[in-house]
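Single-letter residue listing:
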Amino acid sequence: MKAILVPTDYSEHALNAVRYALAYAEMTRSKVILLHVYEDSLTAGELVFTGLQHSKRQVFEQAERKMRGLVSSFIRKTSTRMEWVLRAGNPSQQILEYARQKKIKLIIMGTTGKGYLARTVLGSTTQAVISRTLCPVITVPHTARFRSISRIAIAVDNNPDSLLTIQDAVGFARRFQANAMFMHIIDTPQADGDAAYQEMVYQAKKRMRYRHVSFHVYAHKNVLKGLDILARKERADLLSMAIHKRHFPEMIWNKGLTNRMTNMVNIPILVIPVPAV
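In short, a report on the structure.

Criteria and cut-off values
- Residues numbered from 1 in each chain as written.
- Predicted model: local features only at pLDDT ≥ 70, side-chain atom pairs only at ≥ 80, totals over all residues.
- Heavy atoms only, no water.
- Helix = DSSP H or I, 4+ residues; strand = E, 2+ residues; numbered from the N terminus.
- Buried < 20%, exposed > 50% of the residue type's maximum accessible area, 1.4 Å probe, protein only.
- Areas by Shrake-Rupley, 256 points an atom, 1.4 Å probe, with all protein chains shown as cover.
- Phe/Tyr/Trp six-rings, centres within 6.5 Å; stacked < 30°, edge-to-face > 60°.
- Salt bridge = Lys/Arg side-chain N within 4 Å of Asp/Glu carboxyl O.
- Core = buried A, V, L, I, M, F, W, Y, C linked by side-chain atoms within 4.5 Å.
- Contact = heavy atoms within 4.5 Å.
- Patch = residues over 30% accessible without salt bridge, like charges linked within 9 Å, V, L, I, M, F, W, Y side chains within 5 Å.
- Lys, Arg positive; Asp, Glu negative; His and termini not counted.
- Charge placed at Lys NZ, Arg CZ, Asp CG, Glu CD.
- Pairing = 2+ DSSP bridges.
- Axes fitted to C-alpha atoms, helices over the stretch in contact; angles between N-to-C directions.
- Parallel < 35°, antiparallel > 145°, perpendicular 65-115°, else oblique.
- Nonpolar A, V, L, I, M, F, W, Y, C, P; charged D, E, K, R; others polar.

Here the focus is the overall build of the chain. Along the backbone of the chain there are ten helices and ten strands. By the burial criterion, 52% of the 277 residues in the chain qualify as buried. Carbon and sulfur atoms provide 50% of the accessible area of the chain, an area that totals close to 14,100 Å².

Take the packing of aromatic side chains next. Each pair of aromatic rings is reported with the distance of its centres and the angle of its planes. Following the criterion strictly, the structure yields five aromatic pairs and no others. Ring geometry for tyrosine 24 versus phenylalanine 146: centroids 6.1 Å apart, planes at 80 degrees, classification edge-to-face. With tyrosine 24 in helix H1 (residues 12-28) and phenylalanine 146 in the loop between strand E5 (137-140) and strand E6 (151-155), this residue pair connects regions lying 122 residues apart in the sequence. For tyrosine 24, a relative accessible area of 1% translates into the label buried.

Turning to the pattern of salt bridges, a few remarks are in order. Tallied over the full model, the rule gives eight salt bridges. A salt bridge links lysine 31 to glutamate 83; the shortest N-O distance between them is 3.1 Å. Residue lysine 31 is found in strand E2 (residues 31-38), and its partner glutamate 83 is found in strand E3 (residues 82-88); the two are separated by 52 residues along the sequence. Classification of lysine 31 as buried rests on a relative accessible area of 15%.

The next point concerns the nonpolar core. Tyr20, Tyr24, Leu34, Ile108, Ile138 and Ile149 are the most contacted members of the largest nonpolar core, which totals 49 residues. When near neighbours in sequence (up to four residues on either side) are disregarded, tyrosine 20 contacts Ile108, Ile138, Val140, Arg145, Phe146, Ile149, Leu238 and Pro268. Within the second largest apolar cluster, 33 residues are counted, among which are Ile33, Val37, Ala99 and Met109.

It is worth spelling out unusual backbone geometry at this point. Phi is positive for lysine 103, close to 55 degrees, though the residue is something other than glycine. Tracing the chain through its elements places lysine 103 in the loop between helix H4 (91-101) and strand E4 (106-110). Unlike most non-glycine residues, arginine 235 shows phi in positive territory, near 55 degrees. Position of arginine 235 among the secondary structure elements: in the loop between helix H9 (223-233) and strand E9 (238-243).

By the secondary structure assignment, isoleucine 229 is in helix H9. Judged by its relative accessible area of 29%, isoleucine 229 is partly exposed.

Okay, the side chain of histidine 36 next. Checked against the element boundaries, histidine 36 lands in strand E2. Here histidine 36 falls in the buried class, since its relative accessible area comes to 10%. Once you skip the residues sitting within four places of it in the chain, histidine 36 turns out to touch Thr8, Asp9, Tyr10, Ala63, Met67, Val85, Leu86 and Arg87.

Let us look at the side chain of threonine 126. By secondary structure assignment, the location of threonine 126 is in helix H5 (residues 121-132). The contact partners of threonine 126, leaving out residues within four places of it in the chain, are Met109, Gly110, Thr111 and Thr139.

Time to look at a positive patch on the surface. Together, Lys2, Lys103, Lys105 and Arg175 give the surface a local cluster of positive charge. The residue lysine 105 is located in the loop between H4 and E4 in this model. For lysine 105, a relative accessible area of 61% gives the class exposed.

Our next topic: the pairing of E6. Burial runs high along E6: five of the five residues are buried. Residues Arg151, Ala153 and Ala155 point to one face of E6 and Ile152 and Ile154 to the other, with burial holding for every one of them. Sheet analysis places E6 next to strand E7 (residues 179-186), joined by five bridges and oriented parallel. Within E7, the position partnered with arginine 151 by the bridge is asparagine 179.

Attention now moves to the packing of H1 against helix H7 (residues 166-176). Two elements in contact, H1 and H7, have axes separated by 10 Å at closest approach and are oriented at 70 degrees. Taken together, H1 and H7 sit at an angle that is classed as roughly perpendicular. Along the contact surface, H1 presents Tyr24, Met27 and Thr28, while H7 presents Phe172, Arg175 and Phe176. Classifying every residue of the contact of H1 with H7 gives four nonpolar, one polar and one charged.

In C-alpha coordinates, the structure reads:
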(Lines give C-alpha, C1' and ligand atoms only; values in the text may rest on other atoms or scores of the structure.)
Protein backbone atom coordinates (compact mmCIF):
# COMPACT_ATOMS: atom_id res chain seq x y z
CA MET A 1 0.00 0.00 0.00
CA LYS A 2 1.33 3.41 -0.97
CA ALA A 3 1.95 5.86 1.85
CA ILE A 4 1.27 9.59 1.93
CA LEU A 5 3.30 11.57 4.45
CA VAL A 6 1.39 14.41 6.12
CA PRO A 7 3.44 16.62 8.45
CA THR A 8 1.39 18.50 11.03
CA ASP A 9 1.94 21.13 13.70
CA TYR A 10 -1.70 20.87 14.84
CA SER A 11 -2.57 24.32 13.46
CA GLU A 12 -5.84 24.83 11.58
CA HIS A 13 -4.10 24.99 8.18
CA ALA A 14 -2.23 21.77 9.01
CA LEU A 15 -5.49 20.09 10.02
CA ASN A 16 -7.03 21.15 6.72
CA ALA A 17 -4.15 19.42 4.94
CA VAL A 18 -4.90 16.27 6.97
CA ARG A 19 -8.52 16.37 5.83
CA TYR A 20 -7.41 16.84 2.23
CA ALA A 21 -4.89 14.00 2.50
CA LEU A 22 -7.42 11.57 3.96
CA ALA A 23 -9.86 12.22 1.13
CA TYR A 24 -7.04 11.93 -1.42
CA ALA A 25 -5.84 8.69 0.16
CA GLU A 26 -9.32 7.20 0.12
CA MET A 27 -9.60 7.77 -3.62
CA THR A 28 -6.12 6.35 -4.31
CA ARG A 29 -6.31 3.52 -1.75
CA SER A 30 -3.29 4.80 0.10
CA LYS A 31 -2.49 5.05 3.78
CA VAL A 32 -1.71 8.29 5.60
CA ILE A 33 1.28 8.70 7.90
CA LEU A 34 0.97 11.71 10.19
CA LEU A 35 4.30 13.17 11.27
CA HIS A 36 4.79 15.71 14.05
CA VAL A 37 8.22 17.15 14.76
CA TYR A 38 8.57 18.66 18.21
CA GLU A 39 11.35 20.71 19.70
CA ASP A 40 13.20 19.17 22.62
CA SER A 41 15.46 22.14 23.35
CA LEU A 42 15.50 23.18 27.01
CA THR A 43 16.53 26.33 28.81
CA ALA A 44 19.15 26.34 31.55
CA GLY A 45 16.42 26.96 34.14
CA GLU A 46 14.44 23.96 33.00
CA LEU A 47 17.51 21.77 33.28
CA VAL A 48 18.16 22.90 36.85
CA PHE A 49 14.65 22.43 38.17
CA THR A 50 13.44 19.39 36.28
CA GLY A 51 16.46 17.56 34.97
CA LEU A 52 17.20 16.76 31.35
CA GLN A 53 15.62 13.32 31.04
CA HIS A 54 12.47 14.26 32.95
CA SER A 55 11.87 17.34 30.81
CA LYS A 56 12.49 15.48 27.56
CA ARG A 57 9.99 12.84 28.61
CA GLN A 58 7.41 15.52 29.40
CA VAL A 59 7.87 17.12 25.99
CA PHE A 60 7.48 13.75 24.29
CA GLU A 61 4.41 12.82 26.33
CA GLN A 62 2.75 16.13 25.51
CA ALA A 63 3.43 15.62 21.79
CA GLU A 64 2.10 12.08 22.02
CA ARG A 65 -1.14 13.20 23.70
CA LYS A 66 -1.75 15.76 20.96
CA MET A 67 -1.10 13.22 18.23
CA ARG A 68 -3.40 10.62 19.78
CA GLY A 69 -6.08 13.27 20.10
CA LEU A 70 -5.67 14.23 16.45
CA VAL A 71 -5.90 10.64 15.25
CA SER A 72 -8.96 9.91 17.39
CA SER A 73 -10.73 12.98 15.97
CA PHE A 74 -10.40 11.59 12.43
CA ILE A 75 -10.39 7.82 12.84
CA ARG A 76 -14.19 7.46 12.94
CA LYS A 77 -14.69 9.75 9.96
CA THR A 78 -12.58 7.85 7.44
CA SER A 79 -11.89 4.36 6.19
CA THR A 80 -8.30 5.33 5.34
CA ARG A 81 -5.57 3.55 7.27
CA MET A 82 -3.72 5.99 9.52
CA GLU A 83 -0.32 5.75 11.20
CA TRP A 84 1.59 8.35 13.16
CA VAL A 85 5.18 9.20 13.99
CA LEU A 86 6.82 11.62 16.41
CA ARG A 87 10.30 13.02 15.91
CA ALA A 88 12.39 15.62 17.69
CA GLY A 89 14.48 18.24 15.95
CA ASN A 90 14.29 20.62 13.03
CA PRO A 91 10.92 20.18 11.26
CA SER A 92 12.02 20.37 7.61
CA GLN A 93 15.11 18.22 8.20
CA GLN A 94 13.14 15.54 10.01
CA ILE A 95 10.39 15.51 7.38
CA LEU A 96 12.89 15.12 4.53
CA GLU A 97 14.89 12.48 6.41
CA TYR A 98 11.79 10.41 7.18
CA ALA A 99 10.60 10.68 3.56
CA ARG A 100 13.97 9.41 2.33
CA GLN A 101 14.19 6.61 4.87
CA LYS A 102 10.70 5.30 4.16
CA LYS A 103 10.86 5.99 0.40
CA ILE A 104 7.75 8.16 0.55
CA LYS A 105 6.29 8.93 -2.89
CA LEU A 106 4.06 11.88 -1.92
CA ILE A 107 4.00 14.52 0.82
CA ILE A 108 0.92 16.65 1.52
CA MET A 109 1.40 19.84 3.55
CA GLY A 110 -0.67 22.86 4.48
CA THR A 111 0.06 26.48 3.61
CA THR A 112 -1.24 29.60 5.29
CA GLY A 113 -2.72 32.92 4.28
CA LYS A 114 -5.45 34.03 1.90
CA GLY A 115 -3.97 33.11 -1.43
CA TYR A 116 -0.29 33.50 -0.56
CA LEU A 117 2.36 31.70 1.46
CA ALA A 118 2.61 33.58 4.73
CA ARG A 119 5.88 33.36 6.62
CA THR A 120 4.67 31.39 9.62
CA VAL A 121 6.27 28.29 11.10
CA LEU A 122 4.32 25.93 8.87
CA GLY A 123 4.71 28.17 5.83
CA SER A 124 8.47 28.36 6.18
CA THR A 125 8.70 24.63 6.88
CA THR A 126 6.69 23.90 3.74
CA GLN A 127 8.98 26.07 1.66
CA ALA A 128 12.08 24.41 3.13
CA VAL A 129 10.68 20.97 2.31
CA ILE A 130 9.73 21.69 -1.29
CA SER A 131 13.09 23.31 -2.02
CA ARG A 132 14.90 20.07 -1.12
CA THR A 133 12.37 17.30 -1.62
CA LEU A 134 13.10 14.25 -3.75
CA CYS A 135 9.42 13.36 -4.14
CA PRO A 136 6.33 15.32 -5.21
CA VAL A 137 4.66 17.57 -2.65
CA ILE A 138 1.07 18.82 -2.68
CA THR A 139 0.67 22.12 -0.87
CA VAL A 140 -2.88 22.76 0.35
CA PRO A 141 -4.11 26.34 0.95
CA HIS A 142 -6.03 26.77 4.18
CA THR A 143 -9.32 27.34 2.31
CA ALA A 144 -8.96 24.41 -0.11
CA ARG A 145 -11.20 21.37 0.14
CA PHE A 146 -10.63 18.07 -1.63
CA ARG A 147 -12.95 17.32 -4.48
CA SER A 148 -12.72 14.71 -7.16
CA ILE A 149 -9.70 15.62 -9.28
CA SER A 150 -10.92 15.86 -12.86
CA ARG A 151 -8.86 18.76 -14.23
CA ILE A 152 -5.12 19.19 -13.57
CA ALA A 153 -3.36 22.32 -14.81
CA ILE A 154 0.31 21.72 -15.69
CA ALA A 155 2.46 24.85 -15.82
CA VAL A 156 5.16 24.71 -18.48
CA ASP A 157 7.65 27.14 -19.95
CA ASN A 158 10.15 26.96 -22.79
CA ASN A 159 12.87 25.58 -20.57
CA PRO A 160 13.83 21.95 -21.25
CA ASP A 161 13.52 21.19 -17.53
CA SER A 162 9.74 21.46 -17.86
CA LEU A 163 9.76 18.40 -20.09
CA LEU A 164 11.52 16.31 -17.44
CA THR A 165 8.47 16.40 -15.14
CA ILE A 166 5.77 15.87 -17.75
CA GLN A 167 5.53 12.12 -17.15
CA ASP A 168 5.02 12.63 -13.41
CA ALA A 169 2.39 15.32 -13.95
CA VAL A 170 0.50 13.27 -16.52
CA GLY A 171 0.84 10.26 -14.21
CA PHE A 172 -1.17 12.14 -11.59
CA ALA A 173 -3.79 12.98 -14.20
CA ARG A 174 -3.97 9.37 -15.37
CA ARG A 175 -4.48 8.18 -11.78
CA PHE A 176 -7.75 10.11 -11.64
CA GLN A 177 -8.57 9.90 -15.37
CA ALA A 178 -8.38 13.68 -15.26
CA ASN A 179 -7.86 16.18 -18.05
CA ALA A 180 -4.20 17.23 -18.26
CA MET A 181 -4.22 20.91 -19.22
CA PHE A 182 -0.79 22.28 -20.15
CA MET A 183 -0.60 26.00 -19.43
CA HIS A 184 1.96 28.40 -20.83
CA ILE A 185 2.06 32.09 -19.87
CA ILE A 186 3.50 34.58 -22.35
CA ASP A 187 4.25 38.32 -22.21
CA THR A 188 2.41 39.31 -25.39
CA PRO A 189 -0.35 37.72 -27.51
CA GLN A 190 2.08 37.32 -30.42
CA ALA A 191 4.52 35.21 -28.39
CA ASP A 192 2.50 32.02 -28.67
CA GLY A 193 3.85 31.40 -32.12
CA ASP A 194 7.53 31.41 -31.21
CA ALA A 195 9.65 28.46 -32.23
CA ALA A 196 10.68 27.54 -28.68
CA TYR A 197 7.08 27.12 -27.53
CA GLN A 198 6.12 25.11 -30.59
CA GLU A 199 9.10 22.83 -30.00
CA MET A 200 8.06 22.39 -26.36
CA VAL A 201 4.55 21.35 -27.42
CA TYR A 202 5.97 18.92 -29.97
CA GLN A 203 8.31 17.32 -27.42
CA ALA A 204 5.56 17.15 -24.81
CA LYS A 205 3.25 15.29 -27.16
CA LYS A 206 6.03 12.83 -27.98
CA ARG A 207 6.53 11.99 -24.32
CA MET A 208 2.88 11.32 -23.52
CA ARG A 209 0.56 8.43 -24.21
CA TYR A 210 -2.56 9.96 -22.79
CA ARG A 211 -5.59 11.17 -24.67
CA HIS A 212 -7.09 13.64 -22.18
CA VAL A 213 -4.60 16.41 -22.98
CA SER A 214 -5.03 20.03 -24.01
CA PHE A 215 -2.68 23.02 -24.45
CA HIS A 216 -3.50 26.54 -23.31
CA VAL A 217 -1.62 29.80 -23.87
CA TYR A 218 -2.43 32.98 -21.97
CA ALA A 219 -0.86 36.42 -22.24
CA HIS A 220 -0.08 38.21 -18.99
CA LYS A 221 2.91 40.24 -17.83
CA ASN A 222 2.85 38.54 -14.41
CA VAL A 223 3.37 34.78 -14.75
CA LEU A 224 1.78 33.86 -11.42
CA LYS A 225 -1.28 36.02 -11.92
CA GLY A 226 -1.61 34.64 -15.43
CA LEU A 227 -1.53 31.09 -14.07
CA ASP A 228 -4.09 31.98 -11.43
CA ILE A 229 -6.48 33.48 -13.98
CA LEU A 230 -6.06 30.63 -16.47
CA ALA A 231 -6.32 27.89 -13.83
CA ARG A 232 -9.54 29.39 -12.46
CA LYS A 233 -10.91 29.92 -15.95
CA GLU A 234 -10.35 26.25 -16.76
CA ARG A 235 -11.68 25.17 -13.33
CA ALA A 236 -8.51 23.31 -12.36
CA ASP A 237 -8.64 21.15 -9.24
CA LEU A 238 -4.86 20.98 -8.97
CA LEU A 239 -1.98 23.00 -10.39
CA SER A 240 1.24 21.12 -11.17
CA MET A 241 4.55 23.00 -11.25
CA ALA A 242 8.13 21.84 -11.65
CA ILE A 243 10.59 23.29 -9.20
CA HIS A 244 14.12 24.02 -10.34
CA LYS A 245 16.65 26.80 -10.09
CA ARG A 246 16.41 30.13 -11.86
CA HIS A 247 13.28 29.39 -13.91
CA PHE A 248 9.79 30.73 -13.49
CA PRO A 249 8.11 27.97 -11.43
CA GLU A 250 10.58 28.60 -8.61
CA MET A 251 9.35 32.21 -8.35
CA ILE A 252 6.25 30.96 -6.57
CA TRP A 253 8.47 30.28 -3.57
CA ASN A 254 10.51 33.50 -3.87
CA LYS A 255 10.04 35.66 -0.78
CA GLY A 256 10.20 39.02 -2.52
CA LEU A 257 7.68 38.16 -5.21
CA THR A 258 5.42 36.31 -2.79
CA ASN A 259 5.17 39.34 -0.52
CA ARG A 260 4.03 41.46 -3.47
CA MET A 261 1.35 39.06 -4.59
CA THR A 262 -2.23 39.98 -3.79
CA ASN A 263 -3.99 37.24 -5.75
CA MET A 264 -1.88 34.12 -5.58
CA VAL A 265 -3.00 30.78 -6.99
CA ASN A 266 -5.41 29.54 -4.34
CA ILE A 267 -5.82 25.90 -5.32
CA PRO A 268 -3.68 22.96 -4.20
CA ILE A 269 -0.31 22.92 -5.95
CA LEU A 270 1.53 19.76 -6.95
CA VAL A 271 5.24 20.54 -6.77
CA ILE A 272 7.36 18.12 -8.79
CA PRO A 273 11.14 18.26 -8.32
CA VAL A 274 13.15 18.24 -11.54
CA PRO A 275 15.29 15.07 -11.54
CA ALA A 276 19.05 15.45 -11.68
CA VAL A 277 20.46 14.70 -15.12
